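Examining the three-dimensional arrangement
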Amino acid sequence: MVMNPVISKLAGKLVVLASSSPRRLEILRNAGMRFEVVPSCFKETLDKRLFKAPQEYAVETAKQKALEVTRRMPCNHRKMPDIVIGADTIVTVDGMILEKPRDKQDAYRMLSSLSGKEHSVFTGVAIVLCHENENEEVDYQIVDFYEETKVKFADLSEDMLWEYIDSGEPMDKAGGYGIQALGGMLVEYVHGDFLNVVGFPLNHFCKQLDIIYNCPPSSSDGQHGSCHGDAAPCSVSTPPPLTPSATHTAQTACGESGHAEVRHSEETLPLTTSRGQLINEIHQRECEDSEEAREDLQRIIQLIDGFKASKALFTASSLGIFDLLQRKPALDAAQVAHELKTSIKGMQCLLEACVSLNLLKTQNCEAPVYENTDLAKRFLLSDARWSLLGHIAHYNDTVWPLFHHLDSAVKEGNHQHHKAFGKKCGVLFQDTIYSSEEIQLKFMKAMHSLAKVSGRAVATAFDLSAFKTACDLGGCTGAMASEFTKAHPEMCVTVFDLPSVVEMSQHFHPPCAEDRVTFVSGDFFKDDLPKADLYILARILHDWSDEKVHILLGRIADVCTPGCGLLLSEIFLNENRTGPSRGLLQALSMSEGRQRSAGEYGLLLKSHAFITTGIKQTDNLLDAMLCVKV
Ligand code: SAM
């Protein structure tokens, strides 16, 4: 293959690159190609589970990007392109597909999963070839292929990782690194096409062009017609033509302002607006009625309806539907209503809603009977290992009434306990959550169920072999402590909590000498803290103001000798406080505390001589940070 003749075959054709990646642009420009850039509106949201191999996902995304532009161009009265090129680059490691990081924490998660390992970079490429046939329909043919390159990262220290993340380079790059710039320093070796890692496999692309223009496949070859020569793997497919009526449909869907806007922009470009800005605006408008707009509509409706789904789940749980259907599977709505003493109509609506939420499944559509889905079996049965019924009951009985008064909470900036429960809110926990035994037990069940689900991920987030004794401050029922002793066979854990909590904890843990968990009662703001090598603070600090946090950390620091550890577990906000929404929504309960980022917690701890040695986003409900006293 000689390169120039291949590229020169494209002379005089309208070639469109359906990508705004500056790296792809540069690679193709450097190869002497002339093309227009029309970024695709296709959102990279294909369900990865539907693909047998990661490269198939990359190829399909590339294809959808190119097709979206192919369909959109004529509907905006633009000339039909001759060729549209789409590409998608992904990084895969340990069976996971890594795309662009959402934020710094996501970049950290990606880069630490690549550290010291070999990974694959796949770029899927789709070339859409368009021809107008004699009926003025547009026939198009898609040639697609992928290229794989293996890359090995050196072992990356925490400092190196964060320095790289803080450089800002990872943010718009698949896998969170750019090999052509600073990211090149992380790389030990590359096996395969280097440009493929940058974002476009130029060599393989030229081979495909060579096949297309020097030995074109006949359309009767059908699928895979051009898979010969040394440029495989690739495939060729010929979708139905883009007929005038299809073009018209697309035109309606895309809106009709595109043409007028483009001409206007070229003829009367306002002096105060840059051409780039204007083109961006036009592009934005072109996308408005697209796939993206439809997805946005779904998303906003989901948010609007979200409370109905939560309440349906809460009601089905509190009525005991899931436990009943576990004991007696395949009941119809009338039987469930009879067993649970509800109206048949109401139960039928609730069961159908639960099916739509994937909590139940039906077997017989004519006379439906209901069964639990695997999701319900895992989390919604009272005897399930990871039962969340305690957590759900707390949300239904306490958090729901508080959120009912969210507008007042926002106006006043206060907890709405008095409005929701008719009582003044005094000292947190002691006067509110623990105001009666019944409410206290409910709260403890909620903490217990969440700690059982999240405890293992927290307990195994770091190597804790240096710590033989731990004290779980505010350890509640001991569920989290129990996960620590299971994960660390040498470790003994003391749970320290308020006297009424320690007393009631027996409901949850029949005393067992082997589980190495003991209880001590006291107030961590006033009483002596038990001695330990490691202090655990799980879901404690977010409830307290900075002032109270300083008091508590000061008291812990006083009993710690250098080398003692402090393991903090919370939902860590992004440093720019844009997520995750679980943490930010929790803050709307408006307790006296605040949700914080790992950086903010790190600073609070540093002022008490605790230095952060590791931060882990567990991908479970709680993140973790390990600090050591210096
Ligand atoms: N750490 C547990 C977990 O992650 O499942 C429970 C977290 S819960 C949000 C807060 C815990 O702190 C409760 O068990 C509560 O009783 C305890 N607590 C609150 N104030 C306390 C105090 N002044 N002294 C000791 N424990 C306290």
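Our structure's up above, just so we're on the same page.
Residues numbered from 1 in each chain as written. Predicted model: local features only at pLDDT ≥ 70, side-chain atom pairs only at ≥ 80, totals over all residues. Heavy atoms only, no water.

Okay, the overall build of the protein chain next. Along the protein chain, the regular secondary structure elements total 24 helices and 17 strands. The contacts of the protein chain with a sequence gap of at least 6 include a subset with a gap of at least 24, amounting to 67%. Only carbon and sulfur atoms are counted for the fraction: they give 53% of the accessible area of the protein chain, which is about 30600 Å². (Helix = DSSP H or I, 4+ residues; strand = E, 2+ residues; numbered from the N terminus. Contact = heavy atoms within 4.5 Å. Areas by Shrake-Rupley, 256 points an atom, 1.4 Å probe, with all protein chains shown as cover.)

Moving on, we come to the nonpolar core. Ranked by internal contacts, the top residues of the largest apolar core, which has 48 residues, are Met33, Ile85, Ile127, Phe153, Tyr177 and Phe205. Sequence-distant contacts of Met33, that is, excluding residues within four places in its chain, are made with Ile7, Leu10, Val15, Leu28, Ile85 and Phe205. Judged by nonpolar contacts, the second largest core, of 44 residues, contains Tyr434, Phe524, Cys564 and Leu568. (Core = buried A, V, L, I, M, F, W, Y, C linked by side-chain atoms within 4.5 Å. Buried < 20%, exposed > 50% of the residue type's maximum accessible area, 1.4 Å probe, protein only.)

The omega torsion across Gly579 and Pro580 is -5°, close enough to zero to call that bond cis. Here Pro580 lies in the loop between β15 (565–570) and α23 (581–586). Backbone geometry places Asp94, a non-glycine residue, at a positive phi of 50°. Among the secondary structure elements, Asp94 is positioned in the loop between β3 (83–93) and β4 (96–98).

What follows covers the site of the ligand. Taken together, 18 residues sit near the ligand, with Tyr434, Gly474, Asp497, Ala538 and Arg539 positioned nearest. Asp497 is positioned with one of its side-chain polar atoms (N or O) 2.7 Å from an oxygen atom of the ligand. In the environment of the ligand, a nitrogen atom lies 2.7 Å from a nitrogen or oxygen atom belonging to the backbone of Ala538. Protein coverage of the free-state accessible area of the ligand, which is 590 Å², stands at 98%. Across the shell around the ligand, the residue classes tally to twelve nonpolar, two polar and four charged. (Near = heavy atom within 4 Å. Polar contact = N/O pair within 3.5 Å; in protein donor to acceptor, adjacent residues only side chain to side chain. Nonpolar A, V, L, I, M, F, W, Y, C, P; charged D, E, K, R; others polar.)

With that settled, the discussion passes to the pattern of salt bridges. One pass over the full model with this rule turns up 27 salt bridges. Among the salt bridges present, the one from Asp88 reaches Lys65, with a minimum N-O distance of 3.3 Å. On the criterion of sequence distance, the pair formed by Asp88 in strand β3 and Lys65 in helix α3 (residues 54–75) is long-range, its members being 23 residues apart. The residues Asp88 and Lys65 share a single accessibility class, namely buried. Its salt-bridge partner being Arg299, residue Asp296 comes within 3.1 Å of it at the nearest N-O pair. In this pair, Asp296 and Arg299 are both assigned in helix α11 (residues 291–319), three residues apart and thus about one turn of the helix distant. For Arg299, a relative accessible area of 38% puts it in the partly exposed group. Linked through salt bridges whose partners overlap, the residues forming this network are Arg23, Asp172 and Lys173. (Salt bridge = Lys/Arg side-chain N within 4 Å of Asp/Glu carboxyl O.)

This part takes up the packing of aromatic side chains. For the coordinates displayed, the defined rule picks out nine aromatic pairs. Ring geometry for Phe153 and Tyr177: centres 4.8 Å apart, planes at 70°, overall edge-to-face. Of this pair, Phe153 sits in strand β6 (residues 138–153) while Tyr177 is found in the loop between α5 (158–166) and β7 (187–191), placing the two residues 24 residues apart along the sequence. On the basis of relative accessible area, Tyr177 is assigned to the buried category, the value being 5%. Ring geometry for Phe524 and Phe525: centres 5.0 Å apart, planes at 80°, overall edge-to-face. One aromatic cluster in this structure is built from Phe524, Phe525 and Trp544. (Phe/Tyr/Trp six-rings, centres within 6.5 Å; stacked < 30°, edge-to-face > 60°.)

For Pro329, the position within the fold is in the loop between α12 (321–327) and α13 (333–340). Taking C-alpha positions, Pro329 is 5.4 Å from Glu371, a pair spaced 42 residues apart along the chain. In this view, Pro329 contacts Tyr370 and Glu371; residues no more than four positions away in its chain are not counted.

Moving on to a nonpolar patch on the surface. Judged by side-chain polarity, Leu297, Ile300, Ile301, Leu303 and Ile304 come together as a nonpolar surface patch covering roughly 500 Å² of accessible area. Judged by its relative accessible area of 48%, Leu297 is partly exposed. (Patch = residues over 30% accessible without salt bridge, like charges linked within 9 Å, V, L, I, M, F, W, Y side chains within 5 Å.)

As a further point, take the side chain of Gln55. With respect to the secondary-structure elements, Gln55 resides in helix α3. Owing to a relative accessible area of 17%, Gln55 belongs among the buried residues under this scheme. When near neighbours in sequence (up to four residues on either side) are disregarded, Gln55 contacts Phe122 and Tyr146.

Moving on: helix α2 (residues 22–30). It helps to recall that an α-helix has 3.6 residues per turn; residues three or four apart then point in one direction. Those residues of α2 that fall on the buried side of the exposure criterion are Arg23, Arg24, Leu25, Ile27 and Leu28. A positive backbone phi angle near 90° is found at Gly32, which sits one or two residues after α2.

Strand order in the open sheet formed by seven strands is β13-β12-β11-β14-β15-β17-β16, with mixed pairing between adjacent strands. The open sheet is flanked by β13 (517–521) and β16 (610–616), the only strands paired with a single partner. Each adjacent strand pair in this sheet contributes to an overall mean axis angle of 20°, direction not counted. Summarising the sheet, strand β11 (residues 469–473) and strand β12 (residues 492–497) pair through five bridges and their orientation is parallel. (Pairing = 2+ DSSP bridges. Axes fitted to C-alpha atoms, helices over the stretch in contact; angles between N-to-C directions.)

The gaps left among the atoms become clear once a water-sized probe is rolled over them. Estimates place the volume of the second largest pocket at around 800 Å³. As for the second largest pocket, its lining consists of 35 residues, of which Ser20, Ser21, Glu44, Lys65 and Lys100 are closest to the centre. When contributions to the lining of the second largest pocket are tallied by element, the ones reaching two or more residues are α2, β3, α6 (194–198) and α10 (275–287). Here the lining of the second largest pocket takes four residues from β3, the largest share from any one element. (1 Å grid on protein atoms, 1.4 Å probe; cavity = no way out; pocket = protein on both sides within 12 Å on 5 of 7 lines; lining within 4 Å. Points joined across faces, edges and corners; volume = space filled by probe spheres on them.)

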